[in-house]
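Chain residues, written in single-letter form:
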Amino acid sequence: MRTAKICLAGAAAAMVGLLAAPAAAAPTDTTTTTFEVLAGTLDIVAPDTADLGSGAPGGTITGQLGTVTVTDSRASADASWVATVTATVFQTGTGSPPETVLPEEINYWSGPATGVTGTGTFTPGQLTAGDAAPLSSVTPLTAFTHSGGTGGNTAAWNPTLVVNVPLDSIAGVYTGTVTHSVA
């Protein structure tokens with residue numbers, strides 16, 4: 001009878017020892033973590049209005065359009081884009097031939113960038129006044145390009161327009177639209 005009590009007491013002590021032993025902690029542990037970089041858009045912003053000044057028939061009128069800015073937040077592996085520019089016919093009064101200045105009579109030059117962010121190569125379409133090129137209502141003129149780079153970027157420039165006023169133009173305020181696009 002004495003032997004049975006000792007065995008039971010020994011078994012009970014072993015059970016208490018197993019239950020009371022501290023849990024062993026792992027020396028390291030990992031957490032799989034994720035996040036998402038969202039793709040944005042490719043946008044261009046140009047001034048709402050611009051006044052280039054005044055001049056006489058047969059002369060030139062030169063003025064800056066105001067800052068044009070491309071913002072690329074597409075988060076792309078290739079963040080290349082091309083900004084182009086076109087123009088409508090400029091007219092005053094009823095738009096008769098002497099009241100009209102064609103886009104081809106207006107030269108555009110982008111000039112150098114006034115600000116850029118991001119990686120890649122930023123290239124003005126027309127760096128200097130000597131590079132100025134005529135606008136068109138049909139064929140887009142390259143205003144600025146960005147090649148290579150990744151992620152997001154921005155470019156800004158302040159283009160100059162040179163209006164070659166036709167000799168037969170009549171007096172008046174001529175209005176037209178200059179449109180910048182980016183793709």
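Preceding this section is the structure that the text describes.
Residues numbered from 1 in each chain as written. Predicted model: local features only at pLDDT ≥ 70, side-chain atom pairs only at ≥ 80, totals over all residues. Heavy atoms only, no water.

1. Side note on the packing of aromatic side chains
A ring pair, where both rings are aromatic, is described by two values, the distance of the centres and the angle of the planes. Taken as a whole, this structure holds one aromatic pair when the rule is applied. Seen in terms of ring centroids, F144 and W157 are 4.7 Å apart; in terms of plane orientation they differ by 15°. Their pairing is stacked. Within this pair, whereas F144 is found in strand β11 (residues 141-147), its partner W157 is found in strand β12 (residues 151-157), the two being separated by 13 residues in sequence. Just as F144 is buried, W157 falls in that class too. (Phe/Tyr/Trp six-rings, centres within 6.5 Å; stacked < 30°, edge-to-face > 60°. Helix = DSSP H or I, 4+ residues; strand = E, 2+ residues; numbered from the N terminus. Buried < 20%, exposed > 50% of the residue type's maximum accessible area, 1.4 Å probe, protein only.)

2. Some details on the layout of surface pockets
Over the atoms rolls a probe the size of a water molecule, and in doing so it shows where empty space is left. One number sums up the size of the largest pocket: a volume of about 830 Å³. Lining the largest pocket we find 32 residues, and of these A50, L52, F90, Y174 and T175 sit closest to its centre. For the lining of the largest pocket, the elements supplying multiple residues, two or more each, are β13 (160-164) and β14 (178-182). Of all the elements, β14 adds the most residues to the lining of the largest pocket, at three residues. Of the residues belonging to the lining of the largest pocket, the class tally is 19 nonpolar, 11 polar and two charged. (1 Å grid on protein atoms, 1.4 Å probe; cavity = no way out; pocket = protein on both sides within 12 Å on 5 of 7 lines; lining within 4 Å. Points joined across faces, edges and corners; volume = space filled by probe spheres on them. Nonpolar A, V, L, I, M, F, W, Y, C, P; charged D, E, K, R; others polar.)

3. With respect to the sheet that holds strand β10 (residues 133-134)
Taking strand neighbours across the sheet as the criterion, the four strands line up as β2-β13-β7-β10 in an open arrangement whose pairing is antiparallel. Here the strands that pair on one side only, and so sit at the sheet edges, are β2 (60-64) and β10. Pairing of β2 with β13, which is carried by five bridges, proceeds in the antiparallel orientation. Following the sheet pairing, G63 is matched in β13 by L161. (Pairing = 2+ DSSP bridges.)

4. Re the pairing of β12
Across six bridges, the pairing between strand β3 (residues 68-76) and β12 is antiparallel. Across the sheet, residue S76 finds its bridge partner in β12, namely G151.

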